[in-house]
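# Reading the structure
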Amino acid sequence: MTEEKINLPIHSALIPVFYQKFHCLAQDCRDSCCVDWSITFDKKDYLRLRRLDVPEALKQRLEQGVRRQRKGKHDGVLYGHFDLNSNHGRCPFLDPDGLCAIQRACGHDALPTVCTTYPRKIVYSAAAKEYSLSPSCEGVLQQLWDLPEGVEFVEDPLPKAEHRTLHTTKGDSLTYCFAPLRALCIDILQDRSLSLTQRMLCLGLTLQALQKEDWTDFDPDTWSQQSLANINNLAALTPELPRNREMYLMQNLSVLNAISIAAQKGDWQTELYTALGAKRELTLEAQGEDATAYNATVTTTVSRQNYQEALDRFQAAFSDREYFFENLMVASALYLGFPNLSSREELWKSYVSLCSLYSFYRFVSVVGCKEAATKERLFHFLALSSRATLHNRNRFDGFQEALFQHESSSLAHMTILLRWD
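Since we're looking at a predicted model, the values are computed, not measured. (Residues numbered from 1 in each chain as written. Predicted model: local features only at pLDDT ≥ 70, side-chain atom pairs only at ≥ 80, totals over all residues. Heavy atoms only, no water.)

## Quick word on the nonpolar core
A general feature of soluble globular proteins is that nonpolar side chains tend to end up buried together. Membership of the largest hydrophobic core comes to 104 residues, with the highest contact counts inside it found for Leu210, Tyr307, Phe324, Tyr351 and Phe363. Element by element, the count of residues in this core is highest for helix α15 (residues 344-368), at 14 residues. With 19 residues, the next largest nonpolar core counts Phe41, Leu52, Leu62 and Phe82 among its residues. (Core = buried A, V, L, I, M, F, W, Y, C linked by side-chain atoms within 4.5 Å. Buried < 20%, exposed > 50% of the residue type's maximum accessible area, 1.4 Å probe, protein only. Helix = DSSP H or I, 4+ residues; strand = E, 2+ residues; numbered from the N terminus.)

Here it is in structure tokens:
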């Protein structure tokens with residue numbers, strides 16, 4: 001059967017309202033993106049930084065702090081980096097007052113693209129030119145905190161120079177239906193007649209049903225309307241989600257362990273382990289005949305009582321802020337380009353990823369607030385856990401693949417991950 005080719009003209013921009021209001025907190029940021037986080041850039045930015053006309057003192061800092069990527073493949077994209085090791089994990093151009101020496105001397109345009117765009121992300125989807133913000137930034141989290149009515153969107157026409165055409169096909173892909181189906185997903189996430197955990201489950205039930213549809217002759221608008229009408233019926237099927245705290249903690253600890261093994265600095269991870277009263281054992285298994293490489297396995301046991309105490313404190317402090325976590329998941333879905341409609345398999349993988357992220361966000365939020373349930377600590381753990389997941393796609397995809405390899409990617413297992421309470 002010959003697949004029908006479809007051309008999708010992209011003539012509009014989709015912008016969440018909070019995107020328009022975002023601004024960098026600069027020196028007021030407690031978890032600066034210029035500290036303990038690799039800052040890499042392409043060849044064009046590398047050469048421009050090395051050629052800046054600046055005072056002698058800053059010129060010396062540029063010579064010492066701007067380095068070539070000497071390890072691995074850079075293919076012109078990951079060509080250079082700021083040498084944080086020369087400044088105790090801080091960007092060598094981050095002055096003591098929390099401001100950037102390069103921007104101070106040469107203006108905003110002198111910065112590499114990574115610095116001028118973060119935490120923004122702009123991509124062309126099958127629906128629009130889309131603007132999103134990463135929840136790895138404290139300033140973004142504050143924006144989401146300040147939206148008790150939820151995330152709203154504006155759609156603006158693009159200038160002709162920014163028009164694009166996406167080429168796709170009918171058949172094994174529903175990419176051409178991205179706009180209505182993603183809108184359906186956002187509507188489900190924002191349906192406050194249900195708890196957020198129920199919404200996440202209904203999202204899974206809906207996408208599971210979508211997998212079983214005939215994609216060769218599919219009417220996304222009618223199907224979406226019917227799906228929304230059935231949401232309350234879906235929720236009624238599972239009025240009480242099953243709880244398995246042991247499995248919930250084990251899964252999220254496996255994510256935390258993987259992050260801890262890879263991290264050069266793990267202060268926030270250590271705080272979480274301490275809050276849980278964790279005991280950890282590291283096992284190294286040699287690989288290959290010459291045993292020059294090792295697989296690292298961490299076995300962790302924790303106090304369930306500690307988790308319950310943290311949960312009680314969290315709920316007492318933030319029971320009226322459930323809208324914030326709704327906004328967080330909407331922002332994350334936008335940033336991830338959820339749902340992936342390129343195939344039935346990728347559709348479910350994208351749901352598993354979103355569920356895993358939701359579960360981990362809940363985990364770090366609860367455990368991180370055991371000692372003190374404050375907004376500042378909540379933002380701290382959410383921002384840093386986002387940097388370790390959303391901004392490391394190999395690692396993030398690895399968490400997802402591990403669930404599939406261990407046959408833990410079913411909706412039943414996702415239901416267990418959703419029961420953070």
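## Here's the deal with the side chain of serine 365
Along the polypeptide, serine 365 turns up in helix α15. Each residue touching serine 365, except ones within four places of it in the same chain, is listed here: Phe314, Phe325, Leu378 and Leu382. (Contact = heavy atoms within 4.5 Å.)

## Notes on the environment of aspartate 187
Residue position: aspartate 187 is located in helix α7 (residues 178-189). Its relative accessible area of 38% is what places aspartate 187 among the partly exposed residues. It is 9.6 Å that separates the C-alpha atoms of aspartate 187 and valine 330, two residues lying 143 residues apart in sequence.

## Some thoughts on the packing of aromatic side chains
This model, assessed by the stated rule, comprises 17 aromatic pairs. Aromatic side chains phenylalanine 360 and phenylalanine 363 sit 6.1 Å apart centroid to centroid with 20 degrees between the ring planes, which places their arrangement in the stacked category. Taken as a pair, phenylalanine 360 and phenylalanine 363 lie in helix α15 at a separation of 3 residues, close to a single helical turn. The structure contains a cluster of three or more aromatic residues connected by ring pairs, namely Trp145, Phe314, Phe318, Phe324, Phe325, Phe379 and Trp420. A cation sits over an aromatic face here: lysine 121 above tyrosine 335, 4.6 Å from the ring centre. For lysine 349, the ring lying beneath its charged end belongs to phenylalanine 404, and the centroid distance is 6.0 Å. (Phe/Tyr/Trp six-rings, centres within 6.5 Å; stacked < 30°, edge-to-face > 60°. Lys NZ or Arg CZ within 6 Å of the ring centre and 35° of its normal.)

## A few points about unusual backbone geometry
In the segment running from tyrosine 118 into proline 119, the intervening peptide bond is cis, with an omega of 5 degrees. Each neighbour pair has its own omega, and for phenylalanine 338 with proline 339 the value is 0 degrees, a cis peptide bond. With respect to the secondary-structure elements, proline 339 resides in the loop between α14 (322-336) and α15. Phi at histidine 88 takes a positive value of approximately 55 degrees, unusual for a residue other than glycine. Within the secondary structure, histidine 88 is located in the loop between β5 (80-82) and α4 (101-106). Look at histidine 88 and you get exposed, because its relative accessible area is 75%. The residue glutamate 407 is not glycine, and still its phi comes out positive at about 55 degrees. Among the secondary structure elements, glutamate 407 is positioned in the loop between α17 (393-405) and α18 (411-418). Note on glutamate 407: relative accessible area 73%, which makes it exposed.

## Some thoughts on the pairing of strand β6 (residues 120-124)
Of the pairings in the sheet, the one linking β6 to strand β7 (residues 129-133) comprises 5 bridges and is antiparallel in character. If you follow lysine 121 over to β7, its bridge partner there is serine 132. Remark: 4 residues form the turn of the hairpin made by β6 and β7, two consecutive strands paired antiparallel. (Pairing = 2+ DSSP bridges.)

## Concerning the sheet that holds β7
One open sheet holds the 4 strands; their spatial order is β6-β7-β2-β8, and the pairing between them is mixed. The open sheet is flanked by β6 and β8 (153-157), the only strands paired with a single partner. If you compare each strand with its neighbour and ignore which way they point, the axes differ by 20 degrees on average. Here strand β2 (residues 12-16) runs beside β8; their pairing, made up of 5 bridges, is antiparallel. Residue isoleucine 15 lies in a different strand from β8, and its bridge partner there is valine 154. On the sheet, α14 packs against β2, β6, β7 and β8 and is oriented at approximately 130 degrees with respect to β7. (Axes fitted to C-alpha atoms, helices over the stretch in contact; angles between N-to-C directions.)

## Notes on the packing of helix α12 (residues 267-275) against α15
For the pair α12 and α15, interaxial distance at closest approach is 9 Å and the crossing angle is 70 degrees. As far as their axial angle goes, α15 and α12 are roughly perpendicular. Crossing angle aside, the handedness with which α12 passes α15 is left-handed. Across the interface between the two elements, Trp268, Leu272 and Ala275 from α12 touch Val364, Val367 and Gly368 from α15. Partitioned by chemical class, the residues of the contact of α12 with α15 number 5 nonpolar, 1 polar and no charged. (Parallel < 35°, antiparallel > 145°, perpendicular 65-115°, else oblique. Left-handed = near helix turned anticlockwise from the far one by under 90°. Nonpolar A, V, L, I, M, F, W, Y, C, P; charged D, E, K, R; others polar.)

## Considering the sheet that holds strand β3 (residues 40-41)
A sheet is described by the order of its strands in space; here 3 strands give the open sequence β3-β5-β4, paired in antiparallel fashion. Since the sheet does not close on itself, it has two edges, and those belong to β3 and β4 (66-68), each with one partner. Pairing between β4 and β5: 3 bridges, direction antiparallel. Counted as the bridge partner of valine 66 is phenylalanine 82 from β5. Sheet strands in contact with helix α2 (residues 43-50) are β3, β4 and β5, and its direction is about 135 degrees off that of β4. Packing of helix α3 (residues 56-65) onto the sheet brings it into contact with β4 and β5, and relative to β4 it is tilted by some 25 degrees.

## Observations concerning the packing of helix α8 (residues 196-211) against α18
The description of two packed helices rests on the angle between their axes and on the distance between the axes. Packing of α8 against α18 leaves a shortest axis separation of 10 Å and a crossing angle of 165 degrees. In this view, α8 runs roughly antiparallel relative to α18, as classed from their interaxial angle. As α8 packs across α18, the resulting crossing turns out to be right-handed. On α18, the residues touching Thr197, Met200, Leu201, Gly204, Leu205 and Gln208 of α8 are Leu411, Thr415 and Leu418. Here the residues of the contact of α8 with α18 sort into 5 nonpolar, 4 polar and no charged.

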